[in-house]
Amino acid sequence: MKDILSEIIAHKQIEIELQKQTISLEHLEEQAESMLQAGTTADGSHCCRSMKYSLACSATGIISEFKRRSPSKGWINETAQAEIIPAAYEAAGAAALSILTDEKFFGGSLRDIRTARPLVNIPILRKDFIIDEYQLLQARIVGADAVLLIAACLTPEQCSTLTAKAHVLGLEVLLEIHSPSELAYVTNEVDMVGVNNRNLGSFVTDIENSFRLAEQLCKVTDGSKSPLLVSESGISDPETIRRLRTAGYRGFLIGETFMKTASPGKTLQNMITTINDKSLITNH
């Protein structure tokens, strides 16, 4: 199978260069700096919300994802509206939102964050394949509170540089790893560490990946101390969340389970109701 990740990154590099020709890096820097000084985002709302704090304080820690398609599944919810679903997620009890902004492979855009931001008060993660500080500036301007940095897309040095830049912009960082070889990327500087249960080369999902890495992650991160641990992909039932929480995770990124249904917000609400009814999760 062709390495999908390599294809995505190659396209992303071209995409960013074209964007820079339309709106310069310097222009974005000026706009971001102005917003930071004013303490607002592009829509005038206050920044910044802490995703890490929201997850740590949440009884469920669910990060509900807004995603229209994926390279492996094709269209999941082609007509999904950013005016409706993120707000429905918040109303249902999501601790945070993940919004895909890649257009070619995931059917998203920065407009989705810009649209959702004034409608919700919970933190928003810009989920994309971030390889350039230009994308961090974009995230700040449209109102994201955190960004995803994927170890498989970056060198440790690039990851460190982008993390520092994100923090200057008031953005938290969710560092994504998939294998033990990427544990070296985990430092005290990142705010959250996510274990992707989906292989980005083949897009095969295995929830047991989070459990395999849990013990090693706890050693690297000194137990329950910073950074906060997040399990990503393949989560579809409350019992899995309970098991993951026992293993040390406090954030649970769930997308397709919700997005493939007619009412993603209602599906989330039903999951949280099941969690509460069965007392599957305790906040300890």
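Remember, it's a predicted structure, so these values are computed and weren't measured experimentally.

Colleague: Would you mind going over the side chain of R117 in detail, with residue names and values included?
Modeller: Structurally, R117 is set in the loop between α5 (110-116) and β5 (124-127). Classification of R117 by relative accessible area gives buried; the value is 1%. Engagement of the side chain of R117 in a polar contact is seen with the backbone oxygen of I122, the distance being 2.9 Å.

Colleague: Any details on the pattern of salt bridges? Residues and values, ideally.
Modeller: Evaluation of the coordinates by the stated rule reveals 16 salt bridges. Here K67 makes a salt bridge to E65, at a shortest N to O gap of 3.8 Å. Exposure remark for E65: the relative accessible area of 1% places this residue in the buried category. Residues joined by salt bridges that share partners form a network here, namely K12, E15, D102, R126 and D128.

Colleague: Tell me about the side chain of E182, and name the residues and values.
Modeller: Of note, E182 is situated in the loop between β7 (172-177) and β8 (192-196). The buried charged residue E182 lacks any salt bridge, with R212 as its nearest oppositely charged partner at 12 Å. Beyond its immediate stretch of four places on either side in the chain, E182 contacts A151, A152 and I177.

Colleague: Any chance you could break down helix α8 (residues 208-220) for me, citing the residues and the numbers?
Modeller: Across its 13 residues, α8 extends 19 Å between first and last C-alpha, which sits within 8% of the 18 Å expected from 1.5 Å per residue. Of all bends in α8, the biggest is about 45°, found at A214. Among the residues of α8, those classed as buried are N209, S210, L213, A214 and L217. Turning to α8, the residues buried within the fold contact β7, β8, β9 (228-232) and α9 (238-246).

Rules behind the numbers
- Residues numbered from 1 in each chain as written.
- Predicted model: local features only at pLDDT ≥ 70, side-chain atom pairs only at ≥ 80, totals over all residues.
- Heavy atoms only, no water.
- Helix = DSSP H or I, 4+ residues; strand = E, 2+ residues; numbered from the N terminus.
- Buried < 20%, exposed > 50% of the residue type's maximum accessible area, 1.4 Å probe, protein only.
- Polar contact = N/O pair within 3.5 Å; in protein donor to acceptor, adjacent residues only side chain to side chain.
- Salt bridge = Lys/Arg side-chain N within 4 Å of Asp/Glu carboxyl O.
- Lys, Arg positive; Asp, Glu negative; His and termini not counted.
- Contact = heavy atoms within 4.5 Å.
- Expected span 1.5 Å × (residues − 1).
- Bend = angle between axes of the 7 residues up to and from the residue.

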